[in-house]
Structure formats: C-alpha cells, structure tokens
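So you can see what is in the structure, the chains are spelled out below.
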Amino acid sequence: MPANTSETTKGVLFGLSAYTMWGCFPLFFALFQDVPAYEVLIHRVIWSSVFLAVVICVLRRWLPVKAAFANPRKLWRVLGCAILIATNWGIYIYAVESRHVLQASLGYFLTPLVNVGLGMLVLRERMERLQGVAVGLAGVGILIQLVLLGSLPWITLVLAMTFGTYGLLRKQVELDGLSGLFVETLLLLPVGLLALGWLDHLGQSHFAEGLRPTTLLIASGVVTALPLLAFAGAARRLRLATVGFLMYINPSLQFLIALFVFNEPLSQIQLLSFIVIWAALLLYSWSSWTSRRTATA
C-alpha cells in the first residue's frame, strides 16, 4: 500500500474517532445526574488543564505554550477564545442535563453556516451565491421555530454563535489545536479553582462525595482532550473538504441519541426546521465542493 494512501486511511480513522466521540458526548454528560452544569464545567476546565499538561509533557510540545505566554498582548485573543469555548461547554452540558439535545445538535448543524456568515461580515470574505442562499435558508429554519412555536431556540443559537465565533477568533491565534486548548484552559484555571473553592466553602461541591461523581468529574478532562487529539491526527493527514464532510457525524449522532436514547419529542414544526437547515447544509456543501473543483481544474 502506498505511504500516502496509508496516511489517508489513518486520517479517516482519526477523524471518525474524533467526531464519533464528540457525537456521543450526550451519553457521557447525561451520567452527571445530580451535579449541576456549572460544577461540571468547573471540573472540565480544571481536569482538562491537568490532562493536557500531561499530554504536552509526553509529546514535548512546551515551546508554543511558552511562546504564547511570552507575548501577553496576543493572549487577549486566546482569552476571548477561552471565554467562548467555556460558554459553549457550559450551555452544552446544560442542554444534555435538561434533555435539550435536539436543540444542541441543531446548533452544531448550524455552525458551518454561522462560520460562512461571520467570515463575510467580519473578514470580508467573498460568499458564493449558493452559500448566501444557504445562510438565508438557515435563518428561515430558525424563524420557523420562532414564529410557529412562539419560542426562540436559544440553546441552538448560543451554541452555534459561540462555536462559530470561537472558530473565527481561533483563526487569528498562532497556536495549534492542542497547544491552543491548553493555553485556553490555563487562562480559565484560576477562575475554575476559585469557583471550586467557593463551592466547597458553601458545602455544595460534589467532588469527593463518592467514587462515581469524583471519577466522572476527573474523567471530564480526559473526555474533553481525547477527541481533540484524534482530530489533530485527522487534520494533519486529510484535505479540509474531507474533514468538513466528517464533521456532520457529530450533530447527526447527537440527533439520533436525542430521539432514540433520550426519547426527546420532535414536533412536526421542529422537524420542518431541521429539514430546512439540512437543505441549507446540502447547498453549502455542494457550493464548497463545486468551487474547489473549479479552483483545481
């Protein structure tokens, strides 16, 4: 087997692993039955920092981390990324605990279209006509829920906007995925430790209350880092188009878990909203694929 074919196969396996793990996150975070979302978030930050520090030691990747802290002015963007990803994590954990995984999956289906819109508005990137139609269709999908259901799917919107904006800021940070996430969690670590101390002072901490909650809270850091490591392996070996295609595995799995594991109700109006946004994604994917073919022709 040629070397490049072997590397591509490895990349696909890494990508499948990363997006499958992310897609199965609802099953993990549903295990925190009596632990509030904010406390899970605190431990996710703390134990992610610890686990990532171990990984960086093993891989000897301290150089980019030291370089990041050597230039404090550039840390403001990283801090922005940290706040956005922490918000995203917290809302996602809340969505799972409150059984709104359908809304969460819709948010991650929307994220590529939010990225396109932000790229046009903030970076002045040129938008293909079909991509513009796709973004408009996504807006119609949200309006369907707002007008016909009379409620704004705020979990969907917050997840899509925070992750989309995180991606926008992340493009402007000169750090790879692993080093970047480690620096982000390090910036959040003091707040996490203070919050944990405050919870303990109030007697509201679930940490060390028993083997199960303690193990799960520590494992949240490992669970956060593992798909990122797999994704890094995929990104190094695959074309961006392939990685983008695999990305839909994550919200698709969340959608199926919400329906068939958590038995979340899906009304006809919600289904219509999903169908409109899926159509928008098909248009977006088709436009991206045809524009790449034209560019390489």
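Structural notes, computed from the coordinates. (Residues numbered from 1 in each chain as written. Predicted model: local features only at pLDDT ≥ 70, side-chain atom pairs only at ≥ 80, totals over all residues. Heavy atoms only, no water.)

**With respect to the overall build of the protein chain**
Phase 1 of the analysis: A count of helical and extended segments in the protein chain gives 13 helices and 0 strands.
Phase 2 of the analysis: Of the regular secondary structure in the protein chain, the N- to C-terminal order runs α-α-α-α-α-α-α-α-α-α-α-α-α.
Phase 3 of the analysis: At 20 Å, the protein chain has a C-alpha radius of gyration in line with the 19 Å of a compact globule built from 297 residues.
Phase 4 of the analysis: Seen through its C-alpha atoms, the protein chain measures out along the principal axes to roughly 55 × 50 × 45 Å.
Phase 5 of the analysis: With 297 residues in all, the protein chain has 45% of them scored as buried.
Phase 6 of the analysis: Within the structure as shown, the protein chain displays about 15400 Å² of accessible surface, and the carbon and sulfur contribution to it stands at 68%.
Phase 7 of the analysis: If the 20 positive side-chain charges of the protein chain are averaged to one point and the 12 negative ones to another, these points end up 14 Å apart. (Helix = DSSP H or I, 4+ residues; strand = E, 2+ residues; numbered from the N terminus. Rg over C-alpha atoms; globule rule 2.2 N^0.38 Å. Buried < 20%, exposed > 50% of the residue type's maximum accessible area, 1.4 Å probe, protein only. Areas by Shrake-Rupley, 256 points an atom, 1.4 Å probe, with all protein chains shown as cover. Lys, Arg positive; Asp, Glu negative; His and termini not counted. Charge placed at Lys NZ, Arg CZ, Asp CG, Glu CD.)

**Section: helix 6 (residues 101-121)**
Phase 1 of the analysis: If you check helix 6, its first and last C-alpha atoms are 29 Å apart, about what 21 residues at 1.5 Å a residue would give, namely 30 Å.
Phase 2 of the analysis: At Thr111, helix 6 shows its maximal kink, close to 40 degrees; a proline, Pro112, follows between one and four residues later.
Phase 3 of the analysis: Most of helix 6 is tucked away: 18 of the 21 residues are buried. (Expected span 1.5 Å × (residues − 1). Bend = angle between axes of the 7 residues up to and from the residue.)

**Here we look at the side chain of Glu184**
Phase 1 of the analysis: Among the structural elements, Glu184 can be located in helix 9 (residues 177-202).
Phase 2 of the analysis: With sequence-adjacent residues up to four places away left out, Glu184 is seen in contact with Val78, Cys81, Ala82, Ile85, Tyr166 and Arg170. (Contact = heavy atoms within 4.5 Å.)

**Digging into the environment of Trp76**
Phase 1 of the analysis: You can see Trp76 is positioned in helix 5 (residues 75-97).
Phase 2 of the analysis: Judged by relative accessible area, which is 63%, Trp76 ranks as exposed.
Phase 3 of the analysis: Separated by 116 residues in sequence, Trp76 and Gly192 place their C-alpha atoms 18 Å apart.

**Some thoughts on the environment of Phe14**
Phase 1 of the analysis: Note on placement: Phe14 falls in helix 1 (residues 3-23).
Phase 2 of the analysis: Taking the C-alpha atoms as reference, Phe14 lies 9.8 Å from Leu238; in sequence the two are 224 residues apart.
Phase 3 of the analysis: In contact with Phe14, other than residues within four places in its own chain, are Ala230, Gly233, Ala234 and Arg237.

**Regarding the pattern of salt bridges**
Note on pairing: side chains with opposite charge can pair once their charged atoms come close.
Phase 1 of the analysis: Summed over all chains, the structure comprises 3 salt bridges.
Phase 2 of the analysis: A salt bridge links Lys10 to Glu7, with the nearest nitrogen and oxygen atoms 3.6 Å apart. Of this pair, Lys10 and Glu7 are both found in helix 1, 3 residues apart, which corresponds to roughly one turn of the helix.
Phase 3 of the analysis: Judged by its relative accessible area of 40%, Lys10 falls in the partly exposed class.
Phase 4 of the analysis: Among the ionic pairs, Arg170 bridges to Glu184, the shortest N-O distance being 3.4 Å. Of the two residues, Arg170 is situated in helix 8 (residues 154-170) and Glu184 in helix 9; the sequence distance between them amounts to 14 residues. (Salt bridge = Lys/Arg side-chain N within 4 Å of Asp/Glu carboxyl O.)

**Some thoughts on empty space enclosed by the protein**
Phase 1 of the analysis: Scanning the entire structure with this criterion turns up 1 cavity of 30 Å³ or more.
Phase 2 of the analysis: Quantified by volume, the largest cavity comes out at close to 40 Å³.
Phase 3 of the analysis: Taken together, Leu102, Gln103, Leu106, Gln145, Pro153, Thr156, Gln270 and Phe274 form the lining of the largest cavity.
Phase 4 of the analysis: For the lining of the largest cavity, the elements supplying multiple residues, two or more each, are helix 6 and helix 13 (268-296).
Phase 5 of the analysis: In terms of residue class, the lining of the largest cavity is built from 4 nonpolar, 4 polar and no charged. (1 Å grid on protein atoms, 1.4 Å probe; cavity = no way out; pocket = protein on both sides within 12 Å on 5 of 7 lines; lining within 4 Å. Points joined across faces, edges and corners; volume = space filled by probe spheres on them. Nonpolar A, V, L, I, M, F, W, Y, C, P; charged D, E, K, R; others polar.)

**Looking at the nonpolar core**
Phase 1 of the analysis: Counting residues in hydrophobic clusters, the biggest one holds 71 residues, and the most contacted among them are Phe29, Phe32, Tyr92, Leu110, Leu113, Leu159 and Val183.
Phase 2 of the analysis: Here the element with the most residues in this core is helix 5; it accounts for 13 residues.
Phase 3 of the analysis: When near neighbours in sequence (up to four residues on either side) are disregarded, Phe32 contacts Val40, Glu97, Leu216, Leu217 and Ser220. (Core = buried A, V, L, I, M, F, W, Y, C linked by side-chain atoms within 4.5 Å.)

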